[in-house]
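Single-letter residue listing:
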Amino acid sequence: MKLTGAAALVTGAGRRLGQAIAVGLARAGCDIAVHYHGSAAGAAATVRDIRAASKKRRAELVRADLGNAAAARGLADQAFQSLGRLDIVVNSAAIMVRQPVETVTPESWDATMNLNVRAAFFVSQGALPHLRRAKGKIVNLADVAGFEPWPAYIPHCVSKAGMVMLTKALARAVAPDVTVNAVAPGPVLLPEEWDAATREHIRETTPLQRLGEPGDVVSAVRFLLENDFVTGTILVVDGGRLIR
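Note that the structure is predicted; figures quoted are calculated from it, not measured.

Caption draft 1: Representation of the sheet that holds strand S2 (residues 31-36). Taken in spatial order, the 7 strands of this open sheet run S3-S2-S1-S4-S5-S6-S7, and their pairing is parallel. With partners counted over all chains shown, the strands left at the sheet margins are strand S3 (59-63) and strand S7 (234-237), one partner each. Each neighbouring strand pair of the sheet contributes to a mean axis angle of 20 degrees, computed without reference to strand direction. For strand S4 (residues 88-91) and strand S5 (residues 137-141), the ladder comprises 4 bridges, and the chain directions are parallel. Within the sheet, the bridge partner assigned to Val89 lies in S5 and is Ile138. Packing against the sheet, helix H7 (residues 214-226) makes contact with S4, S5, strand S6 (179-185) and S7, and its axis sits at approximately 165 degrees to S6.

Here you go:
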């Protein structure tokens, strides 16, 4: 797919990796539907950054509570109405909450699952009529937590393992019209509450001896969008942490 002139919906585009992906795709030539729910100020900053990067590119705000399945299903229609077409969906909205096993509640479990994996399915489902017409693409944001157990983040790990399988199953279900892939970042934009010692330990134990940058993830997303013969693939971007 040529990105110049394509229209992309990026969920969770008001902060962190979602914001970086939205701006990165705009710089590559895409018009962007900037999704947000609670991060209104961040989403507005994303729109400003996109418009500053290129006067030719459009950036439109679309708001939805993706914890609500009906709202998630309807988001692609919002994006289509805002941009006039829809070629790409990037499911990057997620939460990562530290929850030692004794503290997990049904409500906290559901909150993580509903946003991190269920929302991606229903956003994608709602986008399919548009993406089939466009021979479009879906890129999901998984996580290395989907491949290894983190004892204090069990709901997060399970949700990201679910995102891995969702990517593979959806790729089978919608081929050959739409490709579906995922990027699984490792130590990129570590949680803000992690202290300096923890950050240094992560850096030291990463084979490439550095933390990742948002641009590393943006480049991976672009690869999956620009390559038309890749589907059902999970592209791990972790500096080698999953090497076994």
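Caption draft 2: Structural detail: empty space enclosed by the protein. Applying the stated criterion across every chain yields a total of 1 cavity of 30 Å³ or more. Of the voids in this model, the largest cavity is the one considered here, and its volume is about 40 Å³. Taken together, Thr11, Leu66, Asn91, Ala93, Leu115, Ala119, Ala120 and Met163 form the lining of the largest cavity. With 3 residues, the top contributor of residues to the lining of the largest cavity is helix H4 (residues 106-134). Taken together, the residues of the lining of the largest cavity sort by class into 6 nonpolar, 2 polar and no charged.

Caption draft 3: Seen up close, the nonpolar core. Core analysis: the largest hydrophobic core is formed by 35 residues, its most contacted members being Ile21, Leu25, Ile32, Ile88 and Val221. Of all the secondary-structure elements, those providing two or more residues to this core are strand S1 (7-10), helix H1 (16-27), S2, helix H2 (40-53), S4, S5 and H7. Leave out the neighbours within four places in its chain, and Ile21 touches Val10, Val90, Leu141, Val217, Val218 and Val221. By size, the runner-up hydrophobic cluster in this structure holds 28 residues, among which are Ala64, Ala72, Ala127 and Leu131.

Caption draft 4: Local environment of the packing of aromatic side chains. Evaluated as defined, the whole model comprises 2 aromatic pairs. Consider the rings of Phe121 and Phe122, whose centres lie 5.0 Å apart with planes at 85 degrees: the pair is edge-to-face. The exposure class of Phe121 is partly exposed, given its relative accessible area of 31%. Centroid distance Trp150 to Tyr153: 6.0 Å. Interplanar angle 85 degrees. Geometry classified as edge-to-face. Assigned by exposure class, Trp150 and Tyr153 land together as buried. The cationic tip of Arg133 hangs over the ring face of Phe80; the distance from NZ or CZ to the ring centre is 5.7 Å.

Caption draft 5: Representation of the environment of Val188 in the model. Secondary-structure assignment places Val188 in the loop between S6 and helix H6 (196-204). Using a relative accessible area of 8% as the deciding quantity, one classes Val188 as buried.

Caption draft 6: Spotlight on a nonpolar patch on the surface. A cluster of nonpolar side chains, Val101, Trp109, Ile154 and Val158, forms an exposed patch at the surface whose accessible area comes to about 310 Å². For Trp109, the location among the structural elements is in helix H4.

Caption draft 7: Seen up close, unusual backbone geometry. Note the cis peptide between Ala175 and Pro176, where omega equals 0 degrees. Here Pro176 is to be found in the loop between helix H5 (154-174) and S6. Phi is positive for Lys135, which is not a glycine, with a value near 55 degrees. Take Lys135: it is sitting in the loop between H4 and S5. Phi is positive for Gln209, close to 60 degrees, though the residue is something other than glycine. Considering the arrangement of structural elements, one finds Gln209 in the loop between H6 and H7. What makes Gln209 partly exposed here is its relative accessible area of 42%.

What counts, and at which threshold
Each chain has its residues counted from 1, running along the sequence as written. A pLDDT threshold of at least 70 governs which residues receive local features in this predicted model, and a stricter bar of 80 or more applies before side-chain atom pairs are shown or counted, although totals over entire chains, interfaces and linings include all residues. Only hydrogens and water are removed before side-chain values are computed, so all heavy atoms of the structure are retained for them. Pairing between strands requires that DSSP locate at least two bridges from one strand to the other. Strands here mean DSSP runs of E at least two residues long; helices mean DSSP runs of H or I at least four residues long; both are numbered from the N terminus. Convention adopted: a line fitted to C-alpha atoms gives each axis, helices being fitted over their contacting stretch, and angles between N-to-C directions are expressed from 0 to 180 degrees. Throughout, a contact is declared for two residues whenever any of their heavy atoms are within 4.5 Å. In this analysis a 1.4 Å probe is tested at points of a 1 Å grid over the protein atoms alone, and where it fits but cannot get out there is a cavity; an open set with protein on both sides within 12 Å along at least five of seven lines is a pocket; lining residues have an atom within 4 Å of a point. Grid points are joined across faces, edges and corners, and a volume is the space filled by probe spheres set on the points. Side-chain classes are defined by residue name, with Ala, Val, Leu, Ile, Met, Phe, Trp, Tyr, Cys and Pro counting as nonpolar, Asp, Glu, Lys and Arg as charged, and the others, Gly among them, as polar. Side-chain atoms within 4.5 Å are what join buried Ala, Val, Leu, Ile, Met, Phe, Trp, Tyr and Cys residues into a set we call a nonpolar core. Each residue gets one of three labels from its accessible area relative to the maximum for its type: buried under 20%, exposed over 50%, partly exposed in between, using a 1.4 Å probe on protein chains only. Within 6.5 Å between ring centres, the rings of Phe, Tyr and Trp (the latter by its six-membered ring) count as paired, and their orientation is classed by plane angle as stacked under 30 degrees, edge-to-face over 60, tilted in between. Consider the ring centre and the ring normal. A charge sits over the ring if Lys NZ or Arg CZ is within 6 Å of that centre and within 35 degrees of that normal. A patch consists of residues whose relative accessible area exceeds 30% and which take part in no salt bridge; residues with like charges are grouped when within 9 Å of each other, and nonpolar side chains (Val, Leu, Ile, Met, Phe, Trp, Tyr) when within 5 Å. Each accessible area is a Shrake-Rupley result for a 1.4 Å probe, and residues are judged covered by the shown protein chains and nothing else. Note on definitions: salt bridges are taken to be side-chain nitrogens of Lys or Arg within 4 Å of carboxyl oxygens of Asp or Glu.

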